[in-house]
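A closer look at the structure
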Amino acid sequence: MLRANSIPNISSGLLIPTVRRHFEASVTGKFSWRSAHLVPFYRVPQKQRSLVKAVHVNKENESVSSSSSSSSSSGSTSSSSNSDGIDVKAVITIRKKMKEKLNEKIEDQWESFIIGIGQGILIQLISQDIDPVTKSGKSMDSFVRGWIPKQSDHPNIVEYAANFTVPHDFGLPGAILITNFYGKEFFLREIILHGFREGPLPFPGYTWIHSRKANPESRIIFKNDVYLPSQTPAGIKDLRREDLLSIRGNGKGERNPHERIYDYAPYNDLGAPDKSKDLARPVIGDQERPYPRRCRTGRPPTKSDPLSESRIEKPHPVYVPRDETFEEIKQNTFSAGRLKALLHNLIPSIAASLSSTDIPFTCFTDIDKLYKDGFVLSNEERKEDIENLFLGKLINQVLTVGERLLKYEIPDVIKRDRFAWLRDNEFARQALAGVNPVNIELLKEFPILSKLDPGVYGPAESAITREIIEEELHGMSIEEATEKKKLFILDYHDMLLPFMEKMNSLPGRKAYASRTIFFYNRTGHLRPIVIELSLPPTSTSPQNKRVFTHGNDATTHWIWKQAKAHVCSNDAGVHQLVNHWLRTHACMEPYIIATHRQLSSVHPIYKLLHPHMRYTLEINALARQSLINGGGIIEASFSPGKYAMELSSAAYTKWRFDMEALPADLIRRGMAVEDSSDPNGIKLVIEDYPYAADGLLIWSAIKELVESYVQYYYSEVNSVISDIELQAWWSEIKNKGHFDKRNEPWWPPLATKEDLSGILTIMIWIASGQHAAINFGQYPFGGYVPNRPTLLRKFIPQESDPDYEKFIHNPQQSFLSSLPTQLQATKVMAVQDTLSTHSPDEEYLGQIHELQGHWIRDNEVVKLYEKFSARLEEMEEIIKKRNKDNSLKNRCGAGIPPYELLCPSSGPGVTGRGIPNSISI
């Protein structure tokens with residue numbers, strides 16, 4: 001524990017407070033830092049800045065002497081030494097909070113005054129060399145002494161200085177302890193030490209430093225070096241261990257906003273049983289309902305259910321470790337800040353405006369009006385909130401006081417060809433090049449058999465017969481088509497059938513478990529040929545399955561359209577709950593928690609992964625609060641309703657880490673075969689499979705970077721298996737982060753460089769390319785409700801149904817009345833638009849940004865990243881050429897939008913392209 005034993009006090013005079021520091025080392029025992037004296041330092045007029053009083057401490061008798069030192073406008077100090085030691089200046093760069101209100105500005109000025117009279121920041125230099133007396137790193141301390149007379153390029157950036165006289169035998173500092181005596185936290189960008197012969201020594205922070213009032217422990221900031229645990233200099237070994245222990249916490253108590261504690265908990269905070277029985281939800285993440293773990297918040301249990309954690313409702317934030325929160329400076333433009341505005345303000349406004357007239361779409365013109373005319377949001381109570389929304393083009397026009405016009409952009413799927421969504425070839429194309437291109441599989445066996453218990457769910461054999469399929473194969477037999485890899489399937493039968501009875505009991509929900517068979521014909525086009533829709537068996541219908549083909553008459557044509565709509569609705573739900581939320585957001589969270597808990601910030605793998613962890617915990621916390629929670633937007637807008645997370649949990653039972661590698665996933669689904677001549681070791685079964693073809697480009701670039709990086713830092717034999725932090729990290733991911741999967745035999749070992757490279761490539765791919773491919777197309781494809789309805793409200797009519805005559809009389813009206821209502825559609829469109837939006841300061845794959853640039857000082861590592869960036873630029877050009885290749889019909893042709901979801905770069909907005917480094921929206 002690092003604690004300051006006394007707090008400097010202000011008195012009527014210019015007192016020089018004294019602080020004595022103690023370090024309780026877990027191994028070496030206690031020892032005392034020498035005492036230090038605080039120097040009052042004011043922001044003085046420019047003319048008086050030439051002389052600054054400094055105070056030095058005589059360690060032998062603690063006598064105080066004064067000397068003069070000059071402060072240059074550049075903030076740098078040339079190397080100098082005297083008989084006492086080396087003169088060192090520490091330049092501390094701090095980003096102040098953005099202050100908007102008048103009272104906050106006054107408070108900020110008062111803080112500046114308090115800082116000026118001597119209550120500021122204590123920093124202690126810790127040498128890489130051992131002190132023979134204390135058996136720990138040598139130390140020197142000093143208080144910061146005020147602003148350096150340097151104008152910053154940014155109004156919120158200020159710089160401070162602290163001076164040291166360091167003994168000649170001190171060695172190089174390896175860490176800095178920093179204690180904040182302000183009343184509030186501050187954001188430390190970096191500390192740079194000037195004066196050592198080796199040149200400026202950077203200590204990158206980019207972290208919030210808590211106030212000592214909130215937590216007496218000092219923060220540890222390490223020099224910009226990279227060490228495996230066995231390579232750590234002796235003087236900072238204990239600090240490396242202590243820093244990790246401080247991050248892990250003790251698993252007890254409720255977390256406070258200033259803390260940076262990373263720990264695990266199940267999803268037991270989705271329900272609100274104290275508010276309503278209807279909002280009670282089971283714990284997700286136990287033996288019955290397995291799931292990855294989330295970041296622990298430690299709130300008290302609910303009164304109604306001791307296993308459920310009480311909730312924090314919007315607009316109050318859910319705890320995430322302090323450095324995981326969205327940067328204040330980016331709140332107005334960052335995509336997630338935009339999402340907060342949407343969830344807290346716009347969605348309630350939509351509901352208030354439409355709930356009294358929540359009606360279905362009566363004609364396609366009603367849908368077109370959302371893009372052409374928009375609709376009025378009238379909500380006087382939320383007038384100020386609506387005015388302050390940062391929602392791009394969504395809030396298109398101001399009408400009158402308290403009224404706003406909500407108007408949507410035309411989605412890409414109908415922008416070029418308004419009727420493309422109606423056609424079978426577009427339905428099939430989206431299985432390969434849409435927002436959910438990861439479920440289509442090769443049909444390997446016939447007949448199609450369910451793996452569900454036939455005693456509960458009826459006969460295992462599908463109702464799709466040989467005759468039905470071969471009628472669509474133009475003289476080819478099923479055996480021939482299967483052998484030639486011409487038949488494919490989109491199979492949601494076993495995933496959804498166990499939930500059908502519960503889902504269909506919900507008001508306004510009617511769904512089937514679906515199977516769709518596609519035929520890849522001689523012209524190289526994929527087309528759907530048969531759809532099977534199933535319900536749980538009943539006493540009168542033990543095989544409650546219906547089979548549909550496209551047919552030739554008008555009635556069959558419209559029923560086929562409704563069958564495709566049910567498939568699209570299922571696809572939308574599986575996409576959102578399984579492929580998007582579970583396989584990227586939720587599965588990534590334990591990797592992030594374990595990385596912070598087990599890998600020091602000076603560990604090379606921590607530095608590699610850091611850009612790919614940014615803001616994921618915060619966006620996931622926001623999702624738990626407003627998207628996937630009981631009564632949240634996902635439940636209100638998607639077919640599974642209140643059973644959404646239970647369905648997601650059921651899908652997790654089939655999840656495997658090793659199958660999240662793109663080549664392995666493609667082989668598992670039969671969409672690729674092994675090919676030793678290919679750099680990725682596979683060959684696509686359908687060459688014109690845009691997601692897979694472009695994805696393999698990105699995968700190979702990530703893999704090459706990771707392998708080179710790992711080889712650079714783990715060049716010694718057995719260096720991977722002997723890395724104690726790395727082994728603890730992988731063990732914790734398996735045994736804590738994915739606790740319900742801890743005993744699975746398929747977890748990769750971690751013994752060699754190849755093992756490590758494979759694990760890291762999967763993680764970075766999931767955070768970047770995979771998430772981009774299934775997230776940023778949500779509005780371009782889902783923004784037109786008939787193309788991807790998130791739920792359907794009616795079964796497909798049968799001749800015995802009372803409404804069958806209405807269907808015959810007006811099939812269009814029957815189709816539209818089964819779609820989500822105007823309120824349901826408008827809410828989910830607003831969310832999809834926001835989730836698909838890049839902020840102006842998005843951080844993209846292959847770009848070295850500010851923090852990473854500060855960390856990467858090794859020229860060899862810089863070259864690896866430069867090569868990676870160059871490769872991604874080359875791949876973007878390859879993707880551009882593919883999108884102009886007329887032989888690739890799934891990404892080029894009349895009215896066909898180009899496939900750009902895996903183009904690395906993008907501008908801001910809903911662009912349908914761009915790969916951010918991390919899951920940040």
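All values derive from a computational prediction rather than experimental measurement.

Further remarks concern the overall build of the protein. Each helix and strand counted, the protein has 26 helices and 30 strands in total. A burial count over the protein gives 60% of its 921 residues as buried. In the form shown here, the protein has an accessible surface area of approximately 37,500 Å², with 51% of it arising from carbon and sulfur atoms.

Glancing now at the pairing of strand β13 (residues 173-180). Summarising burial for β13: eight of the eight residues are buried, a large majority. Of the pairings in the sheet, the one linking strand β10 (residues 121-130) to β13 comprises seven bridges and is antiparallel in character. Along β13, the bridge assignment pairs S127 with P173. When β13 meets strand β16 (residues 219-222), the two strands line up antiparallel, connected through four bridges. Within β16, the residue paired with A175 across the bridge is F222.

The next subject is the sheet that holds β16. An order of β11-β10-β13-β16 is seen for the four strands of this open sheet, with the pairing classed as antiparallel. Each edge of the open sheet carries a strand with a single partner, namely β11 (137-143) and β16. Across the sheet, the mean angle separating the axes of adjacent strands is 25° when strand polarity is ignored. In the packing of helix α2 (residues 237-248) onto the sheet, contacts are made with β10, β13 and β16, and the angle to β16 comes to roughly 125°.

With 175 residues, the main nonpolar core has I440, F657, L666, Y691, W729 and L756 as its most contacted residues. Discounting chain neighbours no more than four positions away, the residues touching F657 are Y591, W730, W746, W747, P748, I759, I762 and M763. If you look at the next biggest cluster of nonpolar residues, it comprises 28 residues, including I86, V144, A162 and I178.

Let's shift gears to the pairing of strand β9 (residues 85-95). Of all 11 residues making up β9, 10 are buried, and the element is well covered by its neighbours. Both β9 and strand β12 (residues 157-166) contribute to a ladder of 10 bridges, which runs antiparallel. Counterpart to D87 in the pairing with β12 is T165. Across seven bridges, β9 lies against strand β14 (residues 186-194) in antiparallel orientation. Among the inter-strand pairings, I94 is bridged to a residue of β14, identified as L188.

The next subject is the confidence of the model for the protein. Put simply, the protein has an average pLDDT of 85, and 81% of its residues get 70 or more. Low pLDDT, under 50, characterises residues 1-78; the stretch is placed with 181 contacts to residues that sit more than four places away or in other chains. A low-confidence stretch, residues 380-402 (pLDDT under 50), is modelled with 53 contacts involving residues beyond four sequence positions or located in other chains.

This next bit is on empty space enclosed by the protein. This model, assessed by the stated rule, comprises 18 cavities of 30 Å³ or more. Volume-wise, the largest cavity comes out at about 240 Å³. Together, 18 residues line the largest cavity, and F427, Q430, K564, C568 and N787 are the ones closest to its centre. Those elements that place two or more of their residues in the lining of the largest cavity are α7 (424-433) and α12 (554-598).

We now examine the packing of α2 against α12. Packed helices, taken two at a time, are described by the angle between their axes plus the distance between the axes. Two elements in contact, α2 and α12, have axes separated by 7 Å at closest approach and are oriented at 140°. In this view, α2 runs oblique relative to α12, as classed from their interaxial angle. Contacts between α2 and α12 pair L244, I247 and R248 from the former with H596, R597 and Q598 from the latter.

To continue, consider the packing of α12 against helix α19 (residues 724-737). Between α12 and α19, the shortest axis-to-axis distance is 9 Å and the interhelical angle comes to 140°. In this structure, α12 meets α19 at a crossing whose hand is right-handed. Taken together, the residues of α19 that come into contact with α12 (itself represented by P590, Y591, A594, T595, R597 and Q598) are E725, A728, W729, E732, I733, K736 and G737. Among the residues forming the contact of α12 with α19, the class breakdown is six nonpolar, three polar and four charged.

Within the structure shown, the criterion is met by 28 aromatic pairs. Ring centres of Y408 and Y779 lie 6.4 Å apart, and the angle between their planes is 20°; this geometry places the pair in the stacked category. One end of the pair, Y408, is in the loop between β21 (403-406) and α6 (412-415); the other, Y779, is in helix α21 (residues 778-782), and 371 residues separate them in sequence. According to the relative accessible area criterion, Y408 is buried, its value standing at 1%.

With that out of the way, let us pick up the environment of E185. Looking at the element boundaries, E185 is found in the loop between β13 and β14. For E185, a relative accessible area of 18% corresponds to the buried category. Reaching out from E185, the side chain makes a polar contact with the side chain of R322 at a distance of 2.7 Å.

For α12, which comprises 45 residues, the first-to-last C-alpha distance of 63 Å matches the rise-based estimate of 66 Å (1.5 Å per residue) to within 8%. Where α12 bends most, the angle comes to about 50°, and this point is W581. In terms of burial, α12 is a largely internal element, 41 of the 45 residues being buried.

As for its placement among the helices and strands, F807 is situated in helix α22 (residues 804-809). Relative accessible area serves as the criterion here: at 3%, F807 is assigned to the buried category. Separated by 249 residues in the primary sequence, F807 and W558 have C-alpha atoms spaced 9.2 Å apart. The residues contacting F807, other than those within four sequence positions of it, are T555, W558, I559, Q562, P797 and S814.

Taken together, the buried positions of helix α4 (residues 364-372) are occupied by F364, D366, I367, D368, L370 and Y371. Just beyond α4, the residue with positive phi is G374, at close to 75°.

Here we take up the pattern of salt bridges. The tally for this structure, following the rule as stated, stands at 46 salt bridges. Between R597 and D263 there is a salt bridge, with the nearest N and O atoms lying 3.6 Å from each other. Remark: D263 occurs in the loop between α2 and β17 (264-265) and R597 occurs in helix α12; sequence separation between them is 334 residues. An identical accessibility class is assigned to R597 and D263; each is buried. Salt-bridge contacts for D658 lead to R656; the nearest nitrogen and oxygen are separated by 2.6 Å.

With that out of the way, let us pick up the sheet that holds strand β26 (residues 545-548). Reading across from one edge, β22-β23-β24-β25-β26 is the order of the five strands in this open sheet, with antiparallel pairing throughout. A strand with exactly one partner marks an edge of an open sheet, and here the two such strands are β22 (441-442) and β26. Together, β24 (513-520) and β25 (526-534) form the strand contacts of α7, whose direction differs from that of β25 by roughly 85°.

For the rest of this paragraph, the subject is unusual backbone geometry. Look at the link from F446 to P447: it is a cis peptide, with omega at 5°. Along the polypeptide, P447 turns up in the loop between β22 and α8 (454-457). A positive phi angle, near 55°, is found at H474, a position not held by glycine. Owing to a relative accessible area of 53%, H474 belongs among the exposed residues under this scheme. One non-glycine residue, Y615, adopts positive backbone phi at about 70°. If you trace the backbone, Y615 turns up in the loop between α13 (604-609) and α14 (616-626). Given a relative accessible area of 3%, Y615 falls into the buried group.

The rules behind these values
Going along each chain's sequence as written, the residues are numbered from 1 onward. Two thresholds apply to this predicted model, a pLDDT of at least 70 for residue-level local features and 80 or more for giving and counting side-chain atom pairs, whereas whole-chain, interface and lining totals are computed over all residues. To obtain the side-chain values, all non-hydrogen atoms of the structure were used and water was disregarded. The helix count covers DSSP runs of H or I at least four residues long, the strand count covers runs of E at least two residues long, and both are numbered beginning at the N terminus. For each residue, the accessible area found with a 1.4 Å probe, counting protein chains only, is set against the maximum for its type, and the residue is called buried under 20%, exposed over 50%, and partly exposed in between. Only the protein chains shown count as cover for residues, with accessible areas throughout obtained via the Shrake-Rupley method and a probe of 1.4 Å. Two strands pair under a simple rule: DSSP has to find at least two bridges between them. What counts as an axis is a line fitted to C-alpha atoms, over the stretch in contact for a helix, and the angles between N-to-C directions run from 0 to 180 degrees. In what follows, a contact means two residues having at least one pair of non-hydrogen atoms within 4.5 Å. We call a set of buried residues a nonpolar core when its members are Ala, Val, Leu, Ile, Met, Phe, Trp, Tyr or Cys and they connect through side-chain atoms within 4.5 Å of each other. In predicted models, pLDDT denotes the confidence assigned by the predictor to each residue on a 0 to 100 scale. As defined here, a cavity is a set of points on a 1 Å grid over the protein atoms alone where a 1.4 Å probe fits but cannot get out. A pocket is an open set with protein on both sides within 12 Å along at least five of seven lines, and residues line them when an atom is within 4 Å of a point. Grid points are joined across faces, edges and corners, and a volume is the space filled by probe spheres set on the points. Here the angle decides the label: under 35 degrees means roughly parallel, over 145 means roughly antiparallel, 65 to 115 means roughly perpendicular, and every other value means oblique. The handedness criterion is simple: a crossing whose near helix is rotated anticlockwise from the far helix by less than a right angle is left-handed, and one whose near helix is rotated clockwise is right-handed. Residue polarity is assigned by list, with Asp, Glu, Lys and Arg as charged and Ala, Val, Leu, Ile, Met, Phe, Trp, Tyr, Cys and Pro as nonpolar; anything else, Gly included, falls into the polar class. When two rings of Phe, Tyr or Trp (its six-membered ring) have centres within 6.5 Å they constitute a pair, described as stacked for plane angles under 30 degrees, edge-to-face for angles over 60, and tilted for the intermediate range. Side-chain atoms alone can form a polar contact between residues adjacent in sequence; in general such a contact is a pair of N or O atoms within 3.5 Å, and within protein one must be able to donate a hydrogen while the other accepts it. By this rule, a helix spans an expected 1.5 Å times one less than how many residues it contains. Given a residue, its bend is the angle between the two axes fitted to the seven residues that end at it and to the seven that start from it. A pair is scored as a salt bridge if a Lys or Arg side-chain nitrogen falls within 4 Å of a carboxyl oxygen belonging to Asp or Glu.

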